[in-house]
Structures are given as C-alpha cells and as structure tokens.
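Okay, here's what each chain looks like letter by letter:
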Amino acid sequence: MDTKELIKRARTFAKPFRVTDGTGFRLKDIDPDDTLDLGSEDKPRAKEALAMGVEALADLQDKLYAQDRWAVLLIFQAMDAAGKDGTIKHVMSGVNPQGCQVTSYKSPSPEDLDHDYLWRCMKNLPERGHIGIFNRSYYEETLVVRVHPEFLEKQKIPPELVSKDIWNERYKDIRSFERYLTRNGVVVRKFFLHVSKKEQKKRFLERLQNPEKNWKFSANDLKERAFWDDYMEAYEAMIRHTATKDAPWYVVPADNKWFTRIVVAAAVIQTLDSLDLHYPKVSQEKQKELAAAKRALVGTK
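A look at helix H8 (residues 166-183)
- Its 18 residues place the ends of H8 26 Å apart at the C-alpha level, agreeing with the 26 Å of an ideal helix rising 1.5 Å per residue.
- Those residues of H8 that sit buried are Ile-166, Trp-167, Arg-170, Tyr-171, Ile-174, Phe-177, Glu-178 and Leu-181. Along the axis of H8, the buried positions cluster into a sector of 140°, meaning they face one direction only. Of the exposed residues in H8, those oriented more than 90 degrees away from the buried face are Lys-172 and Arg-183.
- For H8, the secondary structure elements touched by its buried residues are strand E2 (71-78), helix H5 (119-122), helix H6 (144-147), helix H7 (150-153), strand E5 (186-194) and helix H11 (228-242).
- Gly-185, located one to two residues past H8, shows a positive phi value of around 85°.

Now the structure itself:
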C-alpha cells in the first residue's frame, strides 16, 4: 500500500471519532469497545497497517522538521489504564527523537502553583518543525480540579475570582489559547482515550497480578476510580465546550489497544498530510554552491 492509499484509508478510521463541534455531544454515543467493522481476527492486519502508518509518520515528520514552518501539539487525556503511554510509544515509535518531545504532567509543583494554570504547559510548547506530545495537560484543570474542588483552593487564586462560572470561564480561556496557537502555526489535536469501567478493572487486576506490572499500579488509581461518574461528566463537558474545527477532539474507543493505536495514528497522519509538507527548495545560488562543493570533493583524495 503506497502512502496516498494509506492516507486515504486513515480518513476512514479517524473521521467517525472526530468532534469539531461539541454542541449536543454525549459520551455514551461512543462505545469504548467499538472497532468499526474490524473483529479480533483482523488484529494481524491491523498491526501491519499500524507498522505502515509508523513509516508514513516518519516520512511526514521528516518533512515537518525540514520545512521548519509548522508545529504540531498532540494532547492525550484519559482515565487511568486507558493506554495513553502505550499509544504514544507505538504510534510515535518511528519518529526522529530530535523532532519530537513528550511531556507528562502530574500534580502541580509549588512553583507551578505560583503561576497561572497554563504556565507549566506553555513552557513545553513545541517549536516550529517539531511535534510536541502532552501526556495529560492543562485540561486537568477542568477534570481532576473540578472533581476535587479542594485542589482549586491550593491555587492561590483571589477568592473573588473563583466564581460559580469558573469552569465555563476556563473553557473559554482554553478555546482562546488554542485559537492563539492555531493562528501562530501550532496545529492542535486532542485525544480522549475512552475506556470502559469494566476494561479498566480488568487492566488494574492485571497490574496487581503480574509482578512485572506491579510498578504501574498506584493506590490513588483505585481512589480515583470511585469518582468514575464524576469524571465522565467532567470529560463530557470538557469535550462539549472545547471541541472546535481548528482544535478538534478525537474520542477514541480504548477497550481494544490495537484499535486505539490505529485510530490515533490515522488522525496524526491525516493532520500532517493536510499541512502540505515538503522539503525546502534549494535556490539557484545554493545549487551553484553545492555543485562547487561537489567538484571540490571529487577532486580530492
């Protein structure tokens, strides 16, 4: 399959899960176990398609880096055990590390809390020609902070600024921030890996029962699971209020890891392909310089 055919195929996987207008969006409309028309017997073919996708991504990323005009920001949000780390690892496995940076966000540090909530993410925005990946992001400010209001109290915001409309205000600020990035050549794509509560339980048990995966489990994971319904409500509101044409959300079914990775790879390939990436054209003056250098090299031992 050539690159053009692969990109065409990619659209069929990415489009069903792309949200560009959150009006009326309902999380329950997307089944975490969905694999479109693929079944478990298609796994080998899916892995082959992913391998080809990784090659296509490597080619597109090389042009992105050489052209040095666009930057791409990929944001991943999900419940624990949804597969963010594995998806990033497999989808981006062929990308040149020099042109890609991954930043994982955990609880804010004391320094972070002395700044506005966007500050720690703004420091890690990708430069032109690069792909930046946020494993969690500023969206945590509308998720975990909303589910646990006590975290808001630690942010030292003047009390009179913490109104009953604070979440709508944050959605508005984030939309404006992403619009600003878009207008400056930073392409934003956001992924919510939609795992079911049943599948999360299965993965937690696997982490507990497999000694090699014990390190992945945290008692806090179980604590947060108790707030599942609150988180689903927060995620739905987040997508509903921040999905835009320029910075869409992809709500990716995550109960089947092999399918999740195909959808994410397809979305990234489609995004890079839309940027008309190409290697810089060499001027006539530069061509003469290169020809002279070639002659000089050929004439030496």
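Here the narrative resumes.
Overview of a positive patch on the surface
- A contiguous patch of positive charge, built from Lys-43, Lys-47, Lys-198 and Lys-202, is present on the exposed surface.
- Among the secondary structure elements, those contributing two or more residues to the positive patch are helix H2 (43-67) and helix H9 (197-209).
- Position of Lys-47 relative to the elements: it lies in helix H2.
- Residue Lys-47 is classed as exposed on the basis of its relative accessible area, which comes to 58%.

Some remarks on the packing of H2 against helix H12 (residues 257-273)
- Across the interface, H2 lies against H12 with an axial gap of 9 Å and an inter-helix angle of 30°. When the axis of H2 is compared with that of H12, the two are roughly parallel. The chirality of how H2 crosses H12 is left-handed. From H2, Lys-43, Ala-46, Leu-50, Gly-53, Ala-56, Leu-57, Leu-60, Gln-61 and Leu-64 reach across to H12, where they touch Trp-258, Arg-261, Ile-262, Ala-265, Val-268, Ile-269, Leu-272 and Asp-273.

Things to note about H12
- The end-to-end C-alpha distance of H12, which contains 17 residues, comes to 24 Å, matching closely the 24 Å that a straight helix rising 1.5 Å per residue would cover.
- Taking burial as the measure, the 17 residues of H12 include 14 buried ones, the bulk of the element.

Focus: the packing of aromatic side chains
- A full pass over the atoms with the stated rule returns 11 aromatic pairs.
- An angle of 65° between the planes, with centres 6.4 Å apart, marks the rings of Phe-13 and Phe-259 as edge-to-face. Here the residue Phe-13 occupies a position in helix H1 (residues 3-14), and Phe-259 occupies one in helix H12, the gap between them amounting to 246 residues. One exposure class covers both Phe-13 and Phe-259, and it is buried.

Reading the values: the criteria
Residues numbered from 1 in each chain as written. Predicted model: local features only at pLDDT ≥ 70, side-chain atom pairs only at ≥ 80, totals over all residues. Heavy atoms only, no water. Helix = DSSP H or I, 4+ residues; strand = E, 2+ residues; numbered from the N terminus. Expected span 1.5 Å × (residues − 1). Buried < 20%, exposed > 50% of the residue type's maximum accessible area, 1.4 Å probe, protein only. Arc of directions from axis to C-beta. Contact = heavy atoms within 4.5 Å. Patch = residues over 30% accessible without salt bridge, like charges linked within 9 Å, V, L, I, M, F, W, Y side chains within 5 Å. Areas by Shrake-Rupley, 256 points an atom, 1.4 Å probe, with all protein chains shown as cover. Salt bridge = Lys/Arg side-chain N within 4 Å of Asp/Glu carboxyl O. Lys, Arg positive; Asp, Glu negative; His and termini not counted. Charge placed at Lys NZ, Arg CZ, Asp CG, Glu CD. Axes fitted to C-alpha atoms, helices over the stretch in contact; angles between N-to-C directions. Parallel < 35°, antiparallel > 145°, perpendicular 65-115°, else oblique. Left-handed = near helix turned anticlockwise from the far one by under 90°. Phe/Tyr/Trp six-rings, centres within 6.5 Å; stacked < 30°, edge-to-face > 60°.

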